[in-house]
Structure formats: C-alpha cells, structure tokens
Amino acid sequence: MARRLSIRSEIGALGLALALLAPLPAAAQSLLDRVQGLYYPPNQGTWDCATLGMDGGAVGVQGQTLHGVENACTLTNAFPIPGMDAMMFDLECSGEGMTYDGGRVILVPTQTGLGIVRDGFLVNWLRCP
C-alpha cells in the first residue's frame, strides 16, 4: 500500500512538472510576446535598467517568467479577461531559496509599459528605454 501511494505521488509530481512546461494558449502567448522586456517602477528612486531582479535593478517579463526584485514567478494557467486586453495568470514563485504559491496576477499592456494587478493593488511599470 505504501508503495502505491509513492507511485501516485511521483505521477502527480510528474503531471505538475509537465503542466508547467505545457505551452500557453495562443492568446496568452500573444500577450506575453507583447510585454516581453525590462521595466522600472515610477517614482521609486534610481533604477538601473541594465540588471534584472536585483535591488535597484529592472523588473520584467522574460518568456513565461515575471521577474520582481529578488524573486521570479512562472506564469501558468492563463485566463483572458473578457472585454479587455488583459490576461490573468497563476503564479508559481521562487525567491531567497524558497518556492511558494504566488497567487494570481493580471497583466495589462499599457502605452507606456505594463499594468500589474495583484492582491487588490495596481502597479504600473514603465518600459526601460
């Protein structure tokens, strides 16, 4: 019996790994293609657009990864927001040696950069020059 549970756990872990590697739907990939790049938060002091994810460095989107300051989150389970040029994603995050469920995020491309809605807050990132 214990071996059967172990096999189920291994199969479940393999399924999760494969799901994270699965390609996103075309609409989600299209949105991600448009928001690829480096950004900085406005009015937050001096930000360096040459480094990614470090204190004082840029934040951004690369591939299916949303990079913050000292953390990175894989964007999964894309869900389009009806009537908007926006997409909601689940976040699987890692930072400072830990992995964690990052909840959900809505990405909204804007004329000057990227709007990010998370935990009831809207943050506007400006595109790096």
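Residues numbered from 1 in each chain as written. Predicted model: local features only at pLDDT ≥ 70, side-chain atom pairs only at ≥ 80, totals over all residues. Heavy atoms only, no water.

Q: Any chance you could explain the overall build of the protein here in plain terms?
A: When helices and strands are tallied, the protein shows 2 helices and 9 strands. Tracing the protein from N to C terminus, the helices and strands come up as α-α-β-β-β-β-β-β-β-β-β. The burial tally for the protein puts 29% of its 129 residues in the buried class. Taking contacts inside the protein between residues at least 6 apart in sequence as the whole, the part at least 24 apart equals 36%. In the form shown here, the protein has an accessible surface area of approximately 8,000 Å², with 60% of it arising from carbon and sulfur atoms. (Helix = DSSP H or I, 4+ residues; strand = E, 2+ residues; numbered from the N terminus. Buried < 20%, exposed > 50% of the residue type's maximum accessible area, 1.4 Å probe, protein only. Contact = heavy atoms within 4.5 Å. Areas by Shrake-Rupley, 256 points an atom, 1.4 Å probe, with all protein chains shown as cover.)

Q: It is not clear to me how unusual backbone geometry should be interpreted in this structure. Could you clarify?
A: Phi is mostly negative for residues that are not glycine, and the peptide bonds are mostly trans. Of note, E70 is a non-glycine position whose phi angle comes to about 60°, a positive value. Its identity as a non-glycine residue notwithstanding, D119 has a phi of 55°, on the positive side. In this structure, D119 sits in the loop between strand 8 (113-118) and strand 9 (121-127). Under the relative-accessibility criterion, D119 is labelled exposed at 65%.

Q: How do you make sense of the packing of aromatic side chains when you look at a structure like this?
A: Each aromatic ring pair is described using two quantities: the centre-to-centre distance and the angle formed by the ring planes. As enumerated under the stated definition, the model contains 1 aromatic pair in all. With 6.1 Å between their ring centres and 40° between their planes, Y39 and W125 make a pair best called tilted. With Y39 in strand 1 (residues 37-40) and W125 in strand 9, this residue pair connects regions lying 86 residues apart in the sequence. What makes Y39 buried here is its relative accessible area of 0%. (Phe/Tyr/Trp six-rings, centres within 6.5 Å; stacked < 30°, edge-to-face > 60°.)

Q: Hey, could you run me through the state of the cysteines in this one?
A: In this structure the tally under the stated criterion is 2 disulfides. Residue pairing for C49: its cysteine sulfur links by disulfide to C128, the two sulfurs lying 2.0 Å apart. Looking along the S-S bond of the C49-C128 disulfide, the torsion reads about -75°, which is the left-handed sense. Placement of the pair is C49 in strand 2 (residues 48-52) and C128 in the segment after strand 9, with a sequence separation of 79 residues. Exposure remark for C49: the relative accessible area of 24% places this residue in the partly exposed category. The disulfide bridge from C73 ends at C93, spanning 2.0 Å between sulfur atoms. A torsion of 105° about the S-S bond marks the disulfide between C73 and C93 as right-handed. Here C73 is found in strand 5 (residues 72-80), whereas its partner C93 is found in strand 6 (residues 87-95), with 20 residues between them in sequence. With cysteine numbering restricted to those in disulfides and following the sequence, the protein has the pairing 1-4, 2-3. (Disulfide = S-S within 2.5 Å.)

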